[in-house]
Amino acid sequence: SDNHYSCIGCGVQIQSELPNEIGYAPLSTLEKENIICQRCFRLKNYNEIQDVSLTDDDFLKILHGIGESEGLIVKIVDIFDFNGSWISGIQRFVGGNPVLLVGNKVDILPKSVKQQKLIQWMKREAKEQGLNPIDVCLVSSARGKGIREVAEQIDELRNGQNVYVVGCTNVGKSTFINRMIKEVTGEKDVITTSHYPGTTLDLIEIPLDDGTALYDTPGIINHHQMAHYIDKNDLKLLTPKKEIKPKVFQLNERQTLFFGGLARFDYVSGGRTSLTCYIPNEIMIHRTKLENADDLYEKHAGELLNPPRKDDLDHFPELIPHEFMVKEAKTDIVFSGLGWVTINEPGKKVTAYAPKGVNVTIRKSLI
Ligand code: GDP
């Protein structure tokens, strides 16, 4: 067994079976004197962070360890998957440490979305989850937008202490950290070798200028993420590279929209009306009569209605209905991990279907 090896970088226990999980090192490297896990190896040699995942228990252990240290916690969420990328319970574990909430992937937002409204919404949602962030900011790690500002803010908020970056898989945590490394260190090499003092937290250390450090934590798999239910090749449909183009539909009562086979929106009653869909451009929207919708899904999920792919249907959760009575003009129905539909007029009854476990919520429009 590999049990007696640990990484000279982060101290994690080495394993050679699961490349995407923490502590992986190829079998061929185990004969070396100083064994280093792949995550540390890449940071050391390529200045690049690679995300690895952890079980829930191990992740809680890490959070607990952070709670016992002092520092700034930077929590990354995907603004298109706020609920799906939320790590619940974090507020209990971080102790008295301040949390900076960073919403990633702002480049996908249509220009018409008011970022201040999105920030207000994130603050309210965070509060509802029991978290009171010291601030909320928006970035695009892919494009580098907002990164310098966040780097400066982090530097101010951390008060000379360490920084711990947490986030669940797919939020763009490694993209974010890799940008930060470039921003903070410029062209300098980041060499990480020292153990986290005291315990082994499986954290990767990225030294900052003044003797403190930024720590990358492994990601946690959040089973509420839509992303887990579709083929890896289709993930890029959910994480588009381009700004979303809103699509307007004039609907009569009892008409249905399908977003690929991932979600469904029934316009139940309220007279003819217009809706705006903020769904990644590559996801096809199919319109049908409500009375034909069940049948269409049954027959065409995995084909006309994709993603999911036919091969993934067995693992794809059933679509669960969520009913809403929309009382105010300009209301969003949000499908976590997919996008949202803005209902422009009040007094409409709708039913939104999402895969079991995936959240559907209602909010005041961000436009
Ligand atoms: P991690 O699992 O949290 O480390 O996530 P990754 O950094 O691997 O990113 C997950 C996916 O999101 C990848 O396909 C990235 O290209 C994409 N991504 C990350 N940051 C951004 C961003 O700011 N904008 C967009 N459009 N995509 C992003």
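Just so it is clear, the structure is predicted and the values come from calculations on it, not from any experiment.

Burial along strand 4 (residues 135-138) is one-sided: Val136 and Leu138 are buried, while Asp135 and Cys137, pointing the other way, are not. Relative to strand 4, strand 3 (residues 99-104) runs parallel, the two being bridged by four bridges. Within strand 4, the residue paired with Leu100 across the bridge is Asp135.

Over its 13 residues, helix 6 (residues 173-185) runs 18 Å from end to end, which matches the ideal 18 Å to within 8%, given 1.5 Å per residue. Every buried residue belonging to helix 6 is among Lys173, Ser174, Thr175, Phe176, Ile177, Arg179, Met180, Ile181 and Val184, and all of these are buried.

Another point: the site of the ligand. Lining the immediate surroundings of the ligand are 19 residues, of which Asp51, Ala142, Gly172, Lys173 and Ser174 lie closest. Here the shell around the ligand takes three residues from helix 6, the largest share from any one element. When grouped by side-chain class, the residues that make up the shell around the ligand number three nonpolar, 11 polar and five charged.

With that settled, consider the domain arrangement of the chain. Taken domain by domain, the chain holds domain 1 (47-220) and domain 2 (231-364). Once you take the C-alpha centre of each, domain 1 and domain 2 turn out to be 30 Å apart. With 11 residues of domain 1 in contact, the opposing surface of domain 2 contributes 13 residues. In the side of domain 1 that touches domain 2, the residues fall into six nonpolar, three polar and two charged.

Before going further, it helps to examine the sheet that holds strand 15 (residues 331-335). Taken in spatial order, the five strands of this open sheet run 9-12-16-15-18, and their pairing is antiparallel. For this open sheet the edge positions go to strand 9 (247-251) and strand 18 (360-364), each flanked by a neighbour on one side alone. On average, each strand axis in the sheet is tilted by 25 degrees relative to the strand beside it, whichever way the strands run. Taken together, the five bridges between strand 15 and strand 16 (residues 339-343) define a ladder with antiparallel strand orientation. When the sheet's bridge partners are listed, Phe335 is paired in strand 16 with Gly339.

Here we come to helix 2 (residues 56-68). A turn of α-helix holds 3.6 residues, and therefore any two residues three or four places apart point the same way. If you check helix 2, its first and last C-alpha atoms are 19 Å apart, about what 13 residues at 1.5 Å a residue would give, namely 18 Å. Of the residues making up helix 2, those classed as buried are Phe59, Ile62, Leu63 and Ile66. Taken around the axis of helix 2, the buried residues stretch over an arc of 100 degrees, which confines them to a single face.

All right, on to the environment of Phe265 then. When you line up the elements, Phe265 lands in strand 11 (residues 263-269). Using a count of 27 C-beta atoms within 10 Å as the deciding quantity, one classes Phe265 as buried. Along the chain, Phe265 and Val341 lie 76 residues apart, while their C-alpha atoms are 8.6 Å from each other.

The next point concerns the sheet that holds strand 4. In space, the six strands of this open sheet follow the order 4-3-2-5-7-6, with mixed pairing throughout. The outermost strands of the open sheet, each flanked by one partner alone, are strand 4 and strand 6 (204-207). Recorded for the sheet is a direction-independent mean angle of 25 degrees between the axes of neighbouring strands. Taken together, the four bridges between strand 6 and strand 7 (residues 213-216) define a ladder with antiparallel strand orientation. Of the residues in strand 7, the one forming a bridge with Glu205 is Tyr215. Its contacts with the sheet put helix 5 (residues 147-157) on strand 2 (71-78), strand 3, strand 4 and strand 5 (162-166), and the angle it makes with strand 3 is roughly 170 degrees.

Let us look at the packing of helix 5 against helix 6. Closest axis-to-axis distance for the helix 5/helix 6 pair is 10 Å, and the angle between their directions is 70 degrees. Looking at the two axes, helix 5 sits roughly perpendicular to helix 6. Contact with helix 5, carried on its side by Ile147, Arg148 and Ala151, involves Arg179, Met180, Glu183 and Val184 of helix 6 and no other residues of that element. Counted by class, the contact of helix 5 with helix 6 contains four nonpolar, no polar and three charged residues.

Counting residues in each nonpolar core, the largest one holds 97 residues, and the members touching the most others are Cys37, Val74 and Val165. Mapping this core onto the domain boundaries places at least three of its residues in each of domain 1 (47-220) and domain 2 (231-364). In contact with Cys37, other than residues within four places in its own chain, are Cys7, Gly9, Cys10, Val12, Ile14, Gly23, Tyr24 and Ala25.

Criteria and cut-off values
Residues numbered from 1 in each chain as written. Predicted model: local features only at pLDDT ≥ 70, side-chain atom pairs only at ≥ 80, totals over all residues. Buried ≥ 20, exposed ≤ 12 C-beta atoms within 10 Å, placed from the backbone. Helix = DSSP H or I, 4+ residues; strand = E, 2+ residues; numbered from the N terminus. Pairing = 2+ DSSP bridges. Expected span 1.5 Å × (residues − 1). Near = placed C-beta within 6 Å. Nonpolar A, V, L, I, M, F, W, Y, C, P; charged D, E, K, R; others polar. Domains from an automatic or database assignment. Contact = placed C-beta atoms within 7 Å. Axes fitted to C-alpha atoms, helices over the stretch in contact; angles between N-to-C directions. Arc of directions from axis to C-beta. Parallel < 35°, antiparallel > 145°, perpendicular 65-115°, else oblique. Core = buried A, V, L, I, M, F, W, Y, C linked by C-beta atoms within 7 Å.

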